[in-house]
Amino acid sequence: MSSLPIVLRFLHIAPAVVAGGATIFARIALLPALASLPDADRLRLKEAIDRRWRVVVMVCITLLFLSGTANFLLYQAPAHKGQSLYHALFGIKFVAAMIVFFLASALSGRSAGLAWIRANARFYVGIAAALVLAIVLISNVLKNIPQAI
């Protein structure tokens, strides 16, 4: 048995837990707590958090994208060839993940063009958190679709 599927799964699950868990934590605990601080303190704390977090976001996105793509192309697509339900659900999961990647990048980034997302962080973190939960649900459904082979 090859260890590659195990390595790819670990490289996919670990960053998903880190980034997905942090997204839900931010929506439930961090953003409401930040809102209770005076403006100067809130901005200073948010910048300190974002400076550290944006590196984690980029590493997580890179690992999720590369490991997910490799796992799909090497193992899942061949095992589920011709199964339209599997591929449709995978497509929905992939699009949802791309939206989460975009929102995570925009929320932790510094781009002036995406400041409107950061200005409405509570709303967009809520969207990202809901999508993370949908991705987990879809992943569990996909895992339980029998292989075509």
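Look a little higher up for the structure.
Thresholds, definitions, all that
Residues numbered from 1 in each chain as written. Predicted model: local features only at pLDDT ≥ 70, side-chain atom pairs only at ≥ 80, totals over all residues. Heavy atoms only, no water. Core = buried A, V, L, I, M, F, W, Y, C linked by side-chain atoms within 4.5 Å. Buried < 20%, exposed > 50% of the residue type's maximum accessible area, 1.4 Å probe, protein only. Helix = DSSP H or I, 4+ residues; strand = E, 2+ residues; numbered from the N terminus. Contact = heavy atoms within 4.5 Å. 1 Å grid on protein atoms, 1.4 Å probe; cavity = no way out; pocket = protein on both sides within 12 Å on 5 of 7 lines; lining within 4 Å. Points joined across faces, edges and corners; volume = space filled by probe spheres on them. Nonpolar A, V, L, I, M, F, W, Y, C, P; charged D, E, K, R; others polar. Axes fitted to C-alpha atoms, helices over the stretch in contact; angles between N-to-C directions. Parallel < 35°, antiparallel > 145°, perpendicular 65-115°, else oblique. Left-handed = near helix turned anticlockwise from the far one by under 90°. Phe/Tyr/Trp six-rings, centres within 6.5 Å; stacked < 30°, edge-to-face > 60°. Polar contact = N/O pair within 3.5 Å; in protein donor to acceptor, adjacent residues only side chain to side chain. Expected span 1.5 Å × (residues − 1).

Enquirer: Quick one: what's the story with the nonpolar core, residue by residue and with numbers?
Expert: In terms of nonpolar packing, the biggest core is built from 11 residues, these being Ala 26, Leu 31, Leu 34, Leu 103, Ala 106, Leu 107, Ile 117, Ala 121, Tyr 124, Val 125 and Ala 128. When contributions to this core are tallied by element, the ones reaching two or more residues are α1 (4–35), α3 (84–108) and α5 (121–143). Looking at this core element by element, the count peaks at four residues for α5. The residues touching Tyr 124, leaving out its near neighbours within four places in the chain, are Leu 103, Leu 107, Trp 116 and Ile 117. Listed in part, the 10 residues of the second largest apolar core include Val 57, Leu 64, Phe 101 and Leu 131.

Enquirer: Could you give me a rundown of the layout of surface pockets, with the residues and numbers involved?
Expert: When its volume is computed, the second largest pocket comes out at roughly 280 Å³. Taken together, 14 residues make up the lining of the second largest pocket; nearest its centre are Arg 42, Leu 43, Lys 46, Asp 50 and Arg 118. Among the elements that line the lining of the second largest pocket, the one with the most residues is helix α2 (residues 39–79), at six residues. Along the lines of polarity and charge, the residues of the lining of the second largest pocket split into five nonpolar, one polar and eight charged.

Enquirer: So, the packing of α3 against α5: which residues are in play, and what are the values?
Expert: Two elements in contact, α3 and α5, have axes whose closest approach is 9 Å; the angle formed by their N-to-C orientations is 150 degrees. Relative to α5, α3 is oriented roughly antiparallel. For the crossing formed where α3 meets α5, the hand is left-handed. Contact with α3, carried on its side by Tyr 86, Leu 89, Phe 90, Ile 92, Lys 93, Ala 96, Ala 97, Ile 99, Val 100, Leu 103 and Leu 107, involves Ala 121, Tyr 124, Val 125, Ile 127, Ala 128, Leu 131, Val 132, Ile 135, Ile 138, Ser 139, Val 141 and Leu 142 of α5 and no other residues of that element. The class makeup of the residues in the contact of α3 with α5 is 21 nonpolar, one polar and one charged.

Enquirer: So, the packing of aromatic side chains: which residues are in play, and what are the values?
Expert: Evaluation of the coordinates by the stated rule reveals five aromatic pairs. For the ring pair Phe 123 and Tyr 124, a centre distance of 4.9 Å and an interplane angle of 85 degrees mean the geometry is edge-to-face. Through pairs of rings, three or more aromatic residues link up here, namely Phe 65, Phe 72, Phe 90 and Phe 94.

Enquirer: Lay out the side chain of Ser 67 with the relevant residues and their values.
Expert: Mapped onto the fold, Ser 67 is located in helix α2. Of the residues examined, Ser 67 reaches a relative accessible area of 3% and is grouped as buried. Among the polar contacts made by the side chain of Ser 67, one reaches the side chain of His 12 at a distance of 2.9 Å. Excluding its chain neighbours within four sequence positions, the residues that come into contact with Ser 67 are Leu 8, Leu 11 and His 12.

Enquirer: Account for α3, with residues named and values stated.
Expert: The end-to-end C-alpha distance of α3, which contains 25 residues, comes to 36 Å, matching closely the 36 Å that a straight helix rising 1.5 Å per residue would cover. Listing the buried residues of α3 in full gives Tyr 86, Leu 89, Phe 90, Lys 93, Ala 96, Ala 97, Val 100, Phe 101, Leu 103, Ala 106, Leu 107 and Ser 108. Of the surrounding secondary structure, the elements contacted by the buried residues of α3 are α1, α2, α4 (115–119) and α5.

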